[in-house]
Amino acid sequence: MHPVPPPQDLAALLEEQLPFIDRMAVKLSRKHDVAADDTDDFASWAKLRLVESDYAILRKFRGESAVTTYLTVVMTMLYRDWRVARLGRWRPSAAARRLGDLAVQLERMVHRDGMSFAQAARTLRSRGATELSDAE
């Protein structure tokens, strides 16, 4: 068992890793099509969680991997928590599931992510998920 580092060491570790944390926030936001303003909100929220309870999350780091590897997993889990706190849990409707993956993706973009139908359809076509027109 590794001894728990003193809070000042954890503060220094966090400060040293802030650029990486910011990069991870941007990376996760881009991956999930989050707006720039929301990216800043997520980054601030995540940093607050890292500091809460006297750096509880950082105290759990056992040194069995690189600190950046640990923070990658932590930031991914924090993103999931932030997203759920903000939007709630989303599940596709039975109708969308019956119609298949394309319908589920479209429903997710419109109902969960707040895109317009036209914007979601454009996004799906640009990703190569479909060649169907809006009417189809």
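Residues numbered from 1 in each chain as written. Predicted model: local features only at pLDDT ≥ 70, side-chain atom pairs only at ≥ 80, totals over all residues. Heavy atoms only, no water.

Asks: Explain the side chain of Q105 here, please?
Replies: With respect to the secondary-structure elements, Q105 resides in helix 5 (residues 101-112). Here Q105 falls in the buried class, since its relative accessible area comes to 18%. Setting aside anything within four residues of it in sequence, one finds Q105 in contact with L124 and A129. (Helix = DSSP H or I, 4+ residues; strand = E, 2+ residues; numbered from the N terminus. Buried < 20%, exposed > 50% of the residue type's maximum accessible area, 1.4 Å probe, protein only. Contact = heavy atoms within 4.5 Å.)

Asks: Sorry if this is basic, but what is going on with the layout of surface pockets here?
Replies: One way to see where empty space is left: roll a probe the size of a water molecule over the atoms. A volume near 270 Å³ is recorded for the largest pocket. The wall of the largest pocket is formed by 13 residues, among which Y79, R80, R83, V84 and R112 lie closest to the centre. Elements with a minimum of two residues in the lining of the largest pocket: helix 1 (7-31) and helix 3 (67-87). At five residues, helix 3 tops the list of elements feeding residues into the lining of the largest pocket. (1 Å grid on protein atoms, 1.4 Å probe; cavity = no way out; pocket = protein on both sides within 12 Å on 5 of 7 lines; lining within 4 Å. Points joined across faces, edges and corners; volume = space filled by probe spheres on them.)

Asks: What's the story with the nonpolar core in this structure? I'm lost.
Replies: As a rule of thumb, nonpolar side chains are buried together in soluble globular proteins. Counting 24 residues, the largest nonpolar core has F42, L50, L58, M75 and L78 as the members making the most contacts within it. Of all elements in the fold, only helix 1, helix 2 (36-59) and helix 3 reach the threshold of two or more residues within this core. If sequence neighbours within four positions are ignored, M75 has contacts with I21, M24, A25, L28, F42 and A46. (Core = buried A, V, L, I, M, F, W, Y, C linked by side-chain atoms within 4.5 Å.)

These values are about where atoms sit, not about what they do.
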